[in-house]
Amino acid sequence: MHHTRTGSCRRTSYRQYIDLESAANEMENFETIVVPGLLQTELYARSMISSGARRPTPEAAEQRVAVRMERQKLVTSGRLKFVAVMDEAVLHRQIGGPEVMHDQLTGILQISKLHNVTLQVIPFEEGAYASMLSSFALLHFPDSPSVVYIEGLTGDLYAEGEDVQRCATVFSELRSSALSPSASVAFIRRIRDAEHQP
């Protein structure tokens, strides 16, 4: 288990994560509050990055937005198998306003059509479920052991070995708690049309 703290080490950790993400052939991502980074639209990403606890300069924020948009090509090109599970709260939170959210949920619906993408939503009616207080990403590689990545306010956590197996088990439970992919798509569309009209 490796913990990377803030400052220059944090910047190094971010580059390390991007390198790991680029080398992965499969990613399983669970998010409780925000849209997964690899699914964010440019305006949504800009709202998220600009309002972050670290308050980047406008130039640094734009650079991070550009990097995030470039990273998404891993998914849109079909290179990365991407499985995302989101809490329903992600779909309701008005990040950037109704127009940004409408475009964001429309973008999710479009990307869900890709053969390498699976999206599922855990509805509020599910009640308590595994890992509902902690987002994480599982990165799988063709020739190397898998890694768990957890982003935190004071630093990032990378874990291997038994922690990977534990998180893989939890992720499987999360998928069981979630709506099916087709029901999730219909659910996202209903929330977009009901709550996020530009």
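None of the values given here were measured: they were computed from a predicted structure.

1. A few points about the overall build of the protein
For the protein, the count of helices and strands is eight helices and seven strands. Put simply, the protein has 198 residues, and 46% of those count as buried. Of the contacts formed within the protein by residues at least 6 apart in sequence, a portion of 79% connects residues at least 24 apart. Surface summary for the protein: the accessible area is close to 10000 Å², and the carbon and sulfur share equals 53%.

2. Considerations on the side chain of Glu88
For Glu88, the location among the structural elements is in the loop between β3 (81–87) and α5 (89–92). In terms of polar contacts, Glu88 uses its side chain to reach the backbone amide nitrogen of Phe124, at 2.7 Å. Setting aside residues up to four positions removed in sequence, Glu88 forms contacts with Val121, Ile122, Pro123, Phe124, Phe187 and Ile191.

3. Observations regarding the nonpolar core
In this structure, Met27, Leu80, Phe82 and Ile188 are the most contacted members of the largest nonpolar core, which totals 36 residues. Of all the secondary-structure elements, those providing two or more residues to this core are α4 (73–76), β3, α5, α6 (98–111), β4 (117–122), β5 (136–140), β6 (147–151) and α8 (181–195). Among the elements that take part in this core, α6 stands out by supplying six residues, more than any other. Those residues within four positions of Phe82 in sequence are excluded, and the remaining contacts are Met27, Asn29, Pro36, Leu38, Leu39, Val75, Asn116, Val117 and Thr118.

4. Things to note about the pairing of strand β2 (residues 26–31)
Taken across its six residues, β2 has five buried, putting it largely inside the fold. Where β2 meets β3, six bridges bridge the pair, whose relative direction is parallel. Residue pairing in the sheet places Glu31 in a bridge with Met86 of β3. Bridge analysis of β2 against β5 gives five bridges, and the strand direction is antiparallel. Pairing of Asn29 across the sheet is with Ala137, part of β5.

5. Observations concerning the confidence of the model for the protein
A residue-level look at the protein finds 90% of positions with pLDDT of 70 or above and a mean pLDDT of 89. Overall, residues 1–10 carries pLDDT values under 50, and its contacts beyond four positions in sequence, including any with other chains, amount to 29 contacts.

6. With respect to the pattern of salt bridges
As enumerated under the stated definition, the model contains six salt bridges in all. Close ionic contact of Arg71 with Glu21 constitutes a salt bridge, the shortest N to O distance being 2.7 Å. Placement of the pair is Arg71 in helix α3 (residues 58–71) and Glu21 in helix α1 (residues 8–23), with a sequence separation of 50 residues. Assessed through its relative accessible area of 9%, Arg71 is described here as buried. Judged by its relative accessible area of 1%, Glu21 is buried. Because the salt bridges share partners, they merge into one network encompassing Glu42, Arg46 and Glu62.

7. Describing unusual backbone geometry
One non-glycine residue with positive phi stands out, namely Ser131, at about 60 degrees. Tracing the backbone shows Ser131 in the loop between β4 and β5.

8. Some points on the pairing of β6
Where β5 and β6 come together, three bridges link them in antiparallel fashion. If you follow Ala137 over to β6, its bridge partner there is Tyr149. The antiparallel hairpin formed by β5 and β6 contains six residues in its connecting segment.

9. As for the packing of aromatic side chains
Within this structure, the stated rule accounts for five aromatic pairs. Between Phe30 and Tyr129, the aromatic rings sit 6.0 Å apart at their centres with planes inclined by 85 degrees, giving edge-to-face as the arrangement. Of this pair, Phe30 sits in strand β2 while Tyr129 sits in the loop between β4 and β5, and the two are 99 residues apart along the sequence. Of the two residues examined, Phe30 and Tyr129, each falls in the buried class. Judged by centre distance (6.3 Å) and plane angle (75 degrees), the ring pair of Phe136 and Phe171 falls under edge-to-face. A residue pair is termed long-range when its members are at least 10 positions apart, and Phe136 in strand β5 and Phe171 in helix α7 (residues 162–177) qualify at 35 residues. Take Phe171: its relative accessible area is 1%, and that puts it in the buried class. Among the aromatic side chains, those forming a connected cluster through ring pairs are Phe30, Tyr129, Phe136 and Phe171.

Parameters and conventions
Residues numbered from 1 in each chain as written. Predicted model: local features only at pLDDT ≥ 70, side-chain atom pairs only at ≥ 80, totals over all residues. Heavy atoms only, no water. Helix = DSSP H or I, 4+ residues; strand = E, 2+ residues; numbered from the N terminus. Buried < 20%, exposed > 50% of the residue type's maximum accessible area, 1.4 Å probe, protein only. Contact = heavy atoms within 4.5 Å. Areas by Shrake-Rupley, 256 points an atom, 1.4 Å probe, with all protein chains shown as cover. Polar contact = N/O pair within 3.5 Å; in protein donor to acceptor, adjacent residues only side chain to side chain. Core = buried A, V, L, I, M, F, W, Y, C linked by side-chain atoms within 4.5 Å. Pairing = 2+ DSSP bridges. pLDDT = per-residue confidence, 0-100. Salt bridge = Lys/Arg side-chain N within 4 Å of Asp/Glu carboxyl O. Phe/Tyr/Trp six-rings, centres within 6.5 Å; stacked < 30°, edge-to-face > 60°.

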